[in-house]
Amino acid sequence: MIVSPSLLNAGIYHLKDDLRNIQNAGASYLHIDVMDGKFVPNLSFGPGIISDLKKMTSLVLDVHLMIENPENLILDFIQAGSDVLTVHQESTKHLYYVLQTIKANRCKAGVAINPGTPVQSILPVLHLVDQILVMTINPGRQNQSFIEETLEKVQYLSQIRNKMGYIYKIQVDGSINDERVKDCLAAGVDIVVSGGYIFNADNPGEQIRKLFKKEYEYKKEF
Ligand code: ZN
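As the structure is a computational prediction, the values presented were derived from the model and not from experiment.

Caption draft 1: Region of the structure containing the coordination of the zinc ion. Taken together, H31 (NE2), D33 (OD), H64 (ND1) and D173 (OD) make up the full set of protein donors to the zinc ion, lying 2.0 to 2.2 Å away. One can describe the site at the zinc ion as irregular: its 4 donor atoms subtend angles covering 91 to 159 degrees at the metal. Spacing between the donor residues of the zinc ion along their common chain follows H-x1-D-x30-H-x108-D. As far as burial versus exposure is concerned, H31 and D33 are alike and both buried.

Caption draft 2: Focus on the pairing of strand β1 (residues 2–5). Covered by surrounding structure in β1 are I2 and S4 together with V3 and P5, the residues of both alternating faces. Two elements, β1 and strand β8 (residues 191–194), share 4 bridges in a ladder whose sense is parallel. The residue of β8 that forms the bridge with P5 is S194.

Caption draft 3: The layout of surface pockets, seen in detail. Of the volumes computed, that of the largest pocket is approximately 480 Å³. Looking at the lining of the largest pocket residue by residue, the classes come out as 9 nonpolar, 12 polar and 3 charged.

Caption draft 4: Molecular detail of the side chain of Q131. Of note, Q131 is situated in strand β6 (residues 131–135). Setting aside its immediate chain neighbours within four residues, Q131 contacts Y29, D62, V84, T86, A109, G110, V111, Y168, K169, Q171 and I191.

Reading the values: the criteria
- Residues numbered from 1 in each chain as written.
- Predicted model: local features only at pLDDT ≥ 70, side-chain atom pairs only at ≥ 80, totals over all residues.
- Heavy atoms only, no water.
- Donors = N, O, S within 2.8 Å, 3.2 Å for Na, K, Ca; no water.
- Tetrahedral: all angles 85-135°; square planar, octahedral: opposite > 155°, others 65-115°.
- Buried < 20%, exposed > 50% of the residue type's maximum accessible area, 1.4 Å probe, protein only.
- Helix = DSSP H or I, 4+ residues; strand = E, 2+ residues; numbered from the N terminus.
- Pairing = 2+ DSSP bridges.
- 1 Å grid on protein atoms, 1.4 Å probe; cavity = no way out; pocket = protein on both sides within 12 Å on 5 of 7 lines; lining within 4 Å.
- Points joined across faces, edges and corners; volume = space filled by probe spheres on them.
- Nonpolar A, V, L, I, M, F, W, Y, C, P; charged D, E, K, R; others polar.
- Contact = heavy atoms within 4.5 Å.

Nothing here speaks to function; it is geometry throughout.
Here you go:
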């Protein structure tokens, strides 16, 4: 299991310490939610923060674009130092082209789907992507609870990967805590994004160790 703590929930005053802390606890990715105020109501980071983070940390910069027409900005985000760039199926009419362009620029490409988007809508691009992000809440909105049915999509994607020999990793994002980890792993999740659960606690590293403890228990059970 890869843990990808979400920068959106981290405090900027002690960011450097927090990044070191989460990495020491075993996190290998840093999830960066980019919001444009159109695709989702909120605003967050632009490419500038990605280049700053690239200088600060060796964590994999896992960039989740929640923006309309990502084709207009993907090159900026790649040049800034994104390691994985994920775009939403719902955000562009040119999904295949966007994913091809990301790959052609030597960046890992991901596709994300909202809770209301059928998993079948991304079947034509499964062979192209390195990562699939299944949203487990509605993106860009506060205080939401985990939507159980989204794990059915994860199961489906896991089955089709085995059947077809695809290489993508499956990621879940939204209201994930230590109580959810086993269900996610059972469904076939590889990457767990977690924000508030990790950064709202006094010791973010300790929270990550709790997530890995659940993974350890899960592996012992099965
Ligand atoms: Zn995200």
